[in-house]
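Single-letter residue listing:
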Amino acid sequence: GAGVSQTPSNKVTEKGKYVELRCDPISGHTALYWYRQSLGQGPEFLIYFQGTGAADDSGLPNDRFFAVRPEGSVSTLKIQRTERGDSAVYLCASSLTTSPQETQYFGPGTRLLVL
Amino acid sequence: GDSVTQMEGPVTLSEEAFLTINCTYTATGYPSLFWYVQYPGEGLQLLLKATKADDKGSNKGFEATYRKETTSFHLEKGSVQVSDSAVYFCALDSGYSTLTFGKGTMLLVSP
């Protein structure tokens, strides 16, 4: 079946602009995760959803970052007043449940470049 | 807090050589441990996992054993192929449903 999809695959924006990144999880997966991967680093956790609610947003770096999952499926990561330091690959993952033993399936990522 | 430390790369090997990529961790409780792989131009894929001490995860000829006493989860393969060239990430989940990753180790296999 279809895997996790993310759009756009690439996004170039100017400092100070607003961006939205979209994630379509695997059908039936209740848990959805956002990670950020900077060049040469491993992914870092941002936020995860169990259903429609954010179960843990402790990884969001500041209040410019916000994410929603209104119907418990698609999620949107929103970044206000973008800064050059926000440039990274934003990864979305989903899993059937939030059990720590459950496999997280990753999307291809959105590469964000802030000029 | 939780952390994962991997050996720095790149690791450069000839085809059919033995591979070890070291991974050690610091975590509260008893985490689940994972190896993810990222092939060139592709997304992260789960390679193998182990959920309790002394478990061995295996897939595609790769193996890793969960060693609680040394807090390690080293990745091994007896004979690497060119197609194994990728970046390998060690990760843990200490029960909070979020993954903590190492920085990744690039593996380059030449014919």
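Numbering of residues starts from 1 in each chain and follows the order in which that chain's sequence is written. Ligands are numbered from 1 and chains lettered from A, in the order in which they are written. With pLDDT at 70 or above as the cut-off, local features in this predicted model cover only qualifying residues; side-chain atom pairs require 80 or more to be listed or tallied, and sums for whole chains, interfaces and linings still use all residues. Heavy atoms throughout the structure, all of them, feed into the side-chain values; hydrogens and water do not.

A. Quick peek at the pairing of strand E4 (residues 31-37) of chain A. Residue and element names in this part refer to chain A. Think of it in three bands: with a 1.4 Å probe and only protein chains considered, a residue is buried below 20% of the maximum accessible area for its type, exposed above 50%, and partly exposed in between. Secondary structure elements follow DSSP: runs of H or I of four or more residues count as helices, runs of E of two or more count as strands, with numbering from the N terminus. Of all 7 residues in E4, 7 are buried; the element is thus mostly enclosed. Burial of E4 is two-sided: the residues Ala-31, Tyr-33, Tyr-35 and Gln-37 facing one way and the residues Leu-32, Trp-34 and Arg-36 facing the other way are all buried. Should DSSP find at least two bridges between two strands, the strands are taken to pair. Of the strand pairs in this sheet, E4 and strand E5 (residues 44-50) are connected by 6 bridges, and their pairing is antiparallel. Bridge pairing links Tyr-35 to Phe-45 in E5. Hairpin connection of E4 to E5: 6 residues between the antiparallel strands, including Gly-40 at a positive phi of 80 degrees. Sheet analysis places E4 next to strand E9 (residues 88-95), joined by 7 bridges and oriented antiparallel. The residue of E9 that forms the bridge with Tyr-35 is Leu-91.

B. Quick look at the environment of Ser-5 of chain A. Residues and elements named next belong to chain A. Tracing the backbone shows Ser-5 in strand E1 (residues 5-7). For the pair Ser-5 and Ile-26, spaced 21 residues apart in sequence, the C-alpha separation works out to 8.2 Å. Residues are treated as being in contact if the distance between any of their heavy atoms lies within 4.5 Å. With residues near it in sequence (within four places) discarded, Ser-5 still touches Arg-22, Cys-23 and Asp-24.

C. Focus on the environment of Asp-56 of chain A. Assignment of secondary structure puts Asp-56 of chain A in strand E6 (residues 53-56). Taking C-alpha positions, Asp-56 of chain A is 20 Å from Gln-80 of chain A, a pair spaced 24 residues apart along the chain. If we ignore the near neighbours within four places in the chain, the residues touching Asp-56 of chain A are Phe-45, Leu-46, Ile-47 and Tyr-48 of chain A together with Thr-98 of chain B. Nitrogen and oxygen atoms within 3.5 Å of one another constitute a polar contact, given that in protein one can donate a hydrogen and the other can accept it, and given that sequence-neighbouring residues count only through two side-chain atoms. A polar contact of 2.7 Å, which involves the side chain of Asp-56 of chain A, links it to the side chain of Ser-58 of chain A.

D. Main features of the packing of aromatic side chains. All names here are of chain A. In summary, the pairing rule links any two rings of Phe, Tyr or Trp, Trp by its six-membered ring, whose centres are within 6.5 Å, and it sorts them by plane angle into stacked for under 30 degrees, edge-to-face for over 60 and tilted for everything else. In total, this model carries 13 aromatic pairs over all chains according to the counting rule given. Considering the side-chain rings of Tyr-35 and Phe-106, the 5.5 Å spacing of their centres and the 45 degrees angle between planes classify their relative orientation as tilted. Note that Tyr-35 is positioned in strand E4 and Phe-106 in strand E10 (residues 105-106), a separation of 71 residues in sequence. Each member of the pair, Tyr-35 as well as Phe-106, is classed as buried.

E. Main features of unusual backbone geometry. The amide bond that connects Thr-7 of chain A to the next residue, Pro-8 of chain A, takes the cis arrangement and shows omega of -10 degrees. Structurally, the position occupied by Pro-8 of chain A is in the loop between E1 and strand E2 (10-13). Look at the link from Gly-9 of chain B to Pro-10 of chain B: it is a cis peptide, with omega at 0 degrees. Note that Pro-10 of chain B resides in the loop between strand E1 (3-6) and strand E2 (11-14). Unusually for a residue other than glycine, Asp-54 of chain B sits at a positive phi of about 75 degrees. With respect to the secondary-structure elements, Asp-54 of chain B resides in the loop between strand E6 (44-50) and strand E7 (56-59).

F. Examining the interface of chain A and chain B more closely. Listed as interface residues are 20 residues of chain A and, on the opposing side, 19 residues of chain B. Buried area is understood as the total, over both parts, of accessible area removed when two parts are fitted together, assessed with a 1.4 Å probe. A combined buried area of about 1,500 Å² lies between chain A and chain B, and 53% of that area is made up of carbon and sulfur atoms. A per-residue breakdown of the area chain A buries against chain B is headed by Pro-100, Gln-101 and Phe-106 of chain A, which together make up 33% of the total. A pair is scored as a salt bridge if a Lys or Arg side-chain nitrogen falls within 4 Å of a carboxyl oxygen belonging to Asp or Glu. At the boundary of chain A and chain B, one finds 0 salt bridges. Across the contact surface, chain A and chain B share 3 residue pairs in polar contact (both at pLDDT 80 or more). If you list the elements that add at least two residues to the side of chain A that touches chain B, you get E4 and E5 of chain A. For the side of chain A that touches chain B, the element with the highest residue contribution is E4 of chain A, accounting for 3 residues.

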